[in-house]
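Here is what each chain is made of, one letter per residue.
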Amino acid sequence: MTSEAPRKSRKNNPEKTRENILQEAVVEFVQQGLSGARVDAIAERIHTSKRMIYYYFGSKEQLYVEVLEKLYGDIRNTETRMNLTALEPREAIRRLVEFTFDHHDQNVDFVRIVSIENIHNAEYVKRSDSIKAMNSNILEALGATLRRGAEMGLFREGLEPLDVHLLINSFSFYRVSNRHTFSEIFQIELSDEAIKQRHREMICESVMRYLQA
């Protein structure tokens, strides 16, 4: 007598279980950092066992690495879907800047986890080949866009994709990572929609002026 294959319900769906664990791990690591995060707390929130989490991820450190991969993957996968190389160079750069600004503003978890990883001197990013590969892809697309713009006489020659990537991300990241201290010291509300739109346009204009021939 042959046994029937188990039905793929929510209780018997490895992919769903794994994703649920990752989602709750993001919350735990963002709130508590790597050192303070507890696997028990993650297990309690999704009504599973600590043993089940270790079955899927092996250790708390490996779970943290996969949280990093997930959050980096979210932004890089969306960037890839923008298909920058199919757009007119100036439009491609503006869309990339706007997307980066909006992503950082709307995804505080990403900013927080990157800040945490910097405290650990990128020790866990070093363990992930996929994070390096994902970031290489956006630099290649950006580089191709900058070269096309230079060939068309729109952008100046010799632009370094990594420098442009840093310029775009540094402003977008800082205004989120330092929003509490910056807002308190200078008595400004960075979440105010008018201020946000002003800053969004400011970084777009800054990048475009830097690139122009």
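Parameters at a glance
Sequence order as written defines residue numbering, which begins from 1 separately in each chain. Local features in this predicted model are restricted to residues whose pLDDT is 70 or higher, and side-chain atom pairs enter the listing and the counts only when it is 80 or higher, whereas totals over whole chains, interfaces and linings include all residues. The side-chain figures draw on all heavy atoms in the structure; neither hydrogens nor water molecules are used. Numbering of helices and strands runs from the N terminus, with a helix taken as a DSSP run of H or I at least four residues long and a strand as a DSSP run of E at least two residues long. To estimate the expected span of a helix, count its residues, drop one, and scale the result by 1.5 Å. Per-residue accessibility, obtained with a 1.4 Å probe over protein chains only, is compared with the maximum for each type, and a residue is labelled buried under 20%, exposed over 50%, and partly exposed between these values. By definition, residues are in contact when any of their heavy atoms lie within 4.5 Å. Pairs of N or O atoms within 3.5 Å make up the polar contacts considered here, provided that, within protein, one atom can donate a hydrogen while the other can accept it, and that residues adjacent in sequence are counted only when both atoms are side-chain atoms. Each salt bridge in this description consists of a side-chain nitrogen of Lys or Arg and a carboxyl oxygen of Asp or Glu lying within 4 Å of one another. UniProt positions are given in the numbering used here, feature names are shortened, and annotations may be inferred rather than shown by experiment. For every domain, the bounds stem from an assignment made automatically or drawn from a database. Two parts lose some accessible area (1.4 Å probe) when they are put together, and adding that loss for both gives the buried area. Residues are grouped as follows: Ala, Val, Leu, Ile, Met, Phe, Trp, Tyr, Cys and Pro are nonpolar; Asp, Glu, Lys and Arg are charged; all remaining types, including Gly, are polar. Axis definition: a line fitted to C-alpha atoms, over the contacting stretch in the case of helices. Angles run 0 to 180 degrees between N-to-C directions. The cut-offs work like this: below 35 degrees is roughly parallel, past 145 is roughly antiparallel, 65 to 115 is roughly perpendicular, and the gaps in between are oblique. Should the near helix be turned anticlockwise from the far one by less than a right angle, the crossing is left-handed, and should it be turned clockwise, the crossing is right-handed. Any Phe, Tyr or Trp ring, taking Trp's six-membered ring, that has another such ring centre within 6.5 Å forms a pair; planes under 30 degrees apart are called stacked, those over 60 apart edge-to-face, and the others tilted. Our definition puts a charge over a ring when NZ of Lys or CZ of Arg is within 6 Å of the ring centre and also within 35 degrees of the ring normal.

K.L.:
Now, about helix 1 (residues 14–36): what can you tell me, with residues and values included?
P.N.:
Relative to the 33 Å expected for 23 residues at 1.5 Å per residue, helix 1 spans just 27 Å between its end C-alpha atoms, considerably shorter than the ideal helical length. Looking only at helix 1, the buried set comprises Thr17, Ile21, Leu22, Ala25, Val26, Glu28, Phe29, Val30, Gly33 and Leu34. Taken together, the buried residues of helix 1 touch helix 2 (39–45), helix 3 (50–57), helix 4 (60–81) and helix 6 (108–119). Where helix 1 starts, the residue carrying a side-chain oxygen 3.2 Å from the main-chain nitrogen of Glu15 turns out to be Asn13.

K.L.:
An account of the pattern of salt bridges is needed here, citing residue identities and associated values.
P.N.:
Summed over the entire model, instances satisfying the criterion amount to 17 salt bridges. Salt-bridge contacts for Arg127 lead to Glu123; the nearest nitrogen and oxygen are separated by 3.2 Å. Glu193 is the salt-bridge partner of Lys196, the closest N and O atoms lying 3.8 Å from each other. Pair noted here: Lys196 and Glu193 are both in helix 10 (residues 193–211), with a separation of three residues, about one helical turn.

K.L.:
Any details on the UniProt feature "DNA-binding region" (unreviewed entry) in the chain? Residues and values, ideally.
P.N.:
When the UniProt feature table is mapped to this numbering, "DNA-binding region" (unreviewed entry) covers residues 38–57. Secondary structure content for residues 38–57 is 75% helix and 0% strand, while the C-alpha to C-alpha distance between its ends is 14 Å.

K.L.:
Describe the domain arrangement of the chain, and please don't skip the residues or the numbers.
P.N.:
Once the domains are mapped, the chain shows domain 1 (12–57) and domain 2 (60–209). Taken together, the contact pairs 19 residues of domain 1 with 14 residues of domain 2. Around 1500 Å² of area is buried between domain 1 and domain 2 when both sides are counted, 72% of it from carbon and sulfur atoms. For domain 1, the biggest contributors to the area lost against domain 2 are Phe29, Val30 and Leu34; these three give 43% of the whole. At the boundary of domain 1 with domain 2, the tally comes to two salt bridges. With its nearest N and O atoms 2.7 Å apart, the salt bridge here joins Arg18 to Glu66. The interface formed by domain 1 and domain 2 includes five residue pairs in polar contact (both at pLDDT 80 or more). Of all the secondary structure elements, the ones that give two or more residues to the side of domain 1 that touches domain 2 are helix 1, helix 2 and helix 3. In terms of residue class, the side of domain 1 that touches domain 2 is made up of 13 nonpolar, four polar and two charged.

K.L.:
Describe in detail the packing of helix 8 (residues 161–177) against helix 10, supporting the description with residues and values.
P.N.:
The geometry of helix 8 relative to helix 10 is characterised by a closest axis approach of 10 Å and an angle of 165° between their N-to-C directions. Comparing the axis directions of helix 8 and helix 10 gives the class roughly antiparallel. Considering only the axes of helix 8 and helix 10, their crossing is right-handed. Residues Val164, Leu167, Ile168, Phe171 and Arg175 of helix 8 form the contact with helix 10, whose participating residues are Lys196, His199, Met202, Ile203, Val207, Tyr210 and Leu211. Grouping the amino acids of the contact of helix 8 with helix 10 by side-chain chemistry returns nine nonpolar, one polar and two charged.

K.L.:
Which residues make up the packing of aromatic side chains, and what values go with them?
P.N.:
What the rule picks out here adds up to six aromatic pairs. A centroid spacing of 5.3 Å and a plane angle of 85° characterise the contact between Tyr72 and Phe110, whose relative ring orientation is edge-to-face. Of this pair, Tyr72 sits in helix 4 while Phe110 sits in helix 6; the two residues are 38 residues apart in sequence, bridging distant segments of the chain. Judged on exposure class, the residue Tyr72 and its partner Phe110 are both buried. Cation over ring: Arg156 sits above Tyr210, and NZ or CZ is 4.3 Å from the ring centre.

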